[in-house]
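Examining the three-dimensional arrangement
For reference, the chains in residue letters:
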Amino acid sequence: PCIQMDTTNPSTPPARIESDDIEARMLDAGLTCAQRNVSRMLLTGVSNKEIATLLHVKTRTVKYHLSGVYSKVGIENRIELVLWLTGYREIAHEHE
């Protein structure tokens, strides 16, 4: 099952960034449940290894899901993913 972002955790994105907006952005991009789960965790600043431990999967599975996110969104790395999720970077193809 998909997890929900913990808005009470101080390591989550700033309060002005609504988790509903992030969820909508991920759904609009067609991210799978697993891709959304990994992306949410990435926003808290944890490493791929920590994400893998939390989700009870291998690190390469986390990398696989992130690669799928990068491809769907048109970005190249986790910094760009954070910027996109938080609304500071729009999907590349929206400006074409």
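Refer to the structure above for everything that follows.
So, here is what we can say about the structure in this document. (Residues numbered from 1 in each chain as written. Predicted model: local features only at pLDDT ≥ 70, side-chain atom pairs only at ≥ 80, totals over all residues. Heavy atoms only, no water.)

Some points on the environment of Ala-24
As for its position among the elements, Ala-24 is in helix α1 (residues 19-28). Since its relative accessible area comes to 34%, Ala-24 is described here as partly exposed. Considered as a pair, Ala-24 and Leu-85 are 61 residues apart in the sequence and their alpha carbons are 9.7 Å apart. (Helix = DSSP H or I, 4+ residues; strand = E, 2+ residues; numbered from the N terminus. Buried < 20%, exposed > 50% of the residue type's maximum accessible area, 1.4 Å probe, protein only.)

Observations concerning helix α3 (residues 48-55)
Because each turn of an α-helix spans 3.6 residues, side chains separated by three or four positions end up pointing in the same direction. Turning to α3, its buried residues are Asn-48, Ile-51 and Ala-52. Axial view of α3: buried residues confined to an arc of 100°, hence all on one face. In α3, those exposed residues whose orientation departs by more than 90 degrees from the buried face are Lys-49, Thr-53 and Leu-54. The inward-facing, buried residues of α3 abut α2 (33-43), α4 (59-73) and α5 (78-85). (Arc of directions from axis to C-beta. Contact = heavy atoms within 4.5 Å.)

Focus: α2
Most of α2 sits out of view: nine of its eleven residues are buried. All buried positions along α2 are accounted for by Gln-35, Arg-36, Asn-37, Val-38, Ser-39, Arg-40, Met-41, Leu-42 and Leu-43. Contact partners of the buried residues in α2: α1, α3, α4 and α5. Looking at the residues trailing α2, positive phi occurs at Gly-45, about 90°.

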